[in-house]
Amino acid sequence: MQNQPPYNDPNNPQNPNPYNQQYNQNQPPPYGGGQNQPPYGGQMQNNPYGGGQVDVPNATVILVLGIVSIVICGLGPILGTIALVMYSGAKKIYEQNPGAYTQSSFNNLNAGRICGIIGLILGSLIWLYYIVVLVIFGTMMGSVSTWDRY
Amino acid sequence: MLLFSISDYLLPCPVKQLTGLECPGCGFQRSFVALMRGDLADSLHLYPALIPFLFTWILLLLHLKFKFRNGAKWITYSFAATAVIVFVNFMIKMVFNFHTHH
């Protein structure tokens, strides 16, 4: 009785503390700490696809954002910019260890970037058009008649 | 029955309500309803980019499921074509809109 402490000591290596073990397994290594492991290295052993390679983080989200950017009411420049910002973040993570990520998700990442750029450019042209119409024509027509007619 | 109830839940375009000008997505939902009714001509007239857009999405979902070797490239091309149609359609609508009102 005297050898057993009344509580689970986390510093005791012989103590089978379930929380402590789970913490160590799921904790990703700190950024830049382990050069041979991707930042989300904890997922590598659990990934059943691609022989130990994981998808580039957010690759699918970036691709979806890039594709959606063209349609939704004038939000193209915003969604396109979000896609490009997320792309640059994901690209940095990818470049830390390119071998750790699936080629498929890297292709998706680049496709998302291109779609985001297209959405951003065309969306910006549309915004430019709105500004020209609303500022120049709006003030001109406003002196003649109410904007309500249009 | 489901298809007819869709038209009760369409979202009005905030850009059009605010400015009176159509946005590049205006007509999308009407076009979708027309397509669901089977009226292809009406669908294409309301929003020509709807079918390419849906095609891109189906391609995307299939690619995410089956991971085609050149899937990302196909999606990019499909999206680029869709984007050009959206843009040209928007410009034509805007020019046409001005002509009818002058």
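As a reminder, the structure under discussion sits directly above these lines.
Counting restarts for each chain: residues are numbered from 1 in the order of the written sequence. Starting at A for chains and at 1 for ligands, labels are handed out in the order in which the entities are written. Thresholds applied to this predicted model are a pLDDT of at least 70 for local features of residues and 80 or more for the giving and counting of side-chain atom pairs; totals over whole chains, interfaces and linings are not thresholded and use all residues.

Peer 1: Residues and numbers for the overall build of chain B, please.
Peer 2: Assigned secondary structure in chain B consists of six helices and zero strands. The numbering of helices and of strands both runs from the N terminus, where a helix is a DSSP run of H or I of at least 4 residues and a strand a run of E of at least 2. Each helix and strand of chain B, placed in order from N terminus to C terminus, yields the pattern α-α-α-α-α-α. Two residues form a contact once the distance between their C-beta atoms, set from the backbone, is within 7 Å. Relative to all contacts within chain B whose residues are 6 or more apart in sequence, the contacts with residues 24 or more apart total 36%.

Peer 1: Kindly report on the overall build of chain A, identifying the contributing residues and their values.
Peer 2: Counting its regular elements, chain A contains four helices and zero strands. The helix and strand sequence of chain A, counted from the amino end, reads α-α-α-α. Here exposure depends only on C-beta density: within 10 Å of a residue's C-beta, 20 or more other C-beta atoms make it buried, 12 or fewer make it exposed, and intermediate numbers make it partly exposed, the C-beta atoms being placed from the backbone. Sorting the 150 residues of chain A into buried and exposed places 28% on the buried side. Looking at chain A alone, contacts between residues at least 24 apart form 66% of all its contacts between residues at least 6 apart.

Peer 1: I'd like a rundown of unusual backbone geometry, residues and numbers included.
Peer 2: The phi torsion at A:N58 lies on the positive side, around 70°, for a residue other than glycine. Topologically, A:N58 is positioned in the loop between α1 (18-26) and α2 (59-68). At B:K67, a residue that is not glycine, the phi angle is positive and equals roughly 50°. Relative to the elements of secondary structure, B:K67 occurs in the loop between α5 (50-66) and α6 (71-101).

Peer 1: How would you summarise helix α3 (residues 28-37) of chain B if you had to cite specific residues and measurements?
Peer 2: All names here are of chain B. Among all positions of α3, only F28, S31, F32 and A34 are buried. The arc that holds the buried residues of α3, viewed along the axis, is 160°, so those residues lie on one side. Looking one or two residues past α3, G38 carries a phi angle of roughly 95°, positive in sign. Our arc is simply the arc of the directions from the helix axis toward the C-beta atoms.

Peer 1: Could you give an account of the nonpolar core, naming the residues involved and the relevant values?
Peer 2: Put simply, a nonpolar core is buried Ala, Val, Leu, Ile, Met, Phe, Trp, Tyr and Cys residues tied into one set by C-beta atoms within 7 Å. If you look at the biggest cluster of nonpolar residues, it comprises 40 residues, and the most contacted ones within it are A:I62, A:L63, A:A83, A:Y87, A:A90, A:C115 and B:A83. Looking at this core, the elements that each hand over two or more residues are α2, α3 (76-96) and α4 (103-144) of chain A together with α3, α5 and α6 of chain B. Here this core gets eight residues from one element, more than from any other, and that element is α4(A). Those residues in contact with A:C115 that lie beyond four places of it in its chain are A:L63, A:G66, A:I67, A:S69, B:T76 and B:F79.

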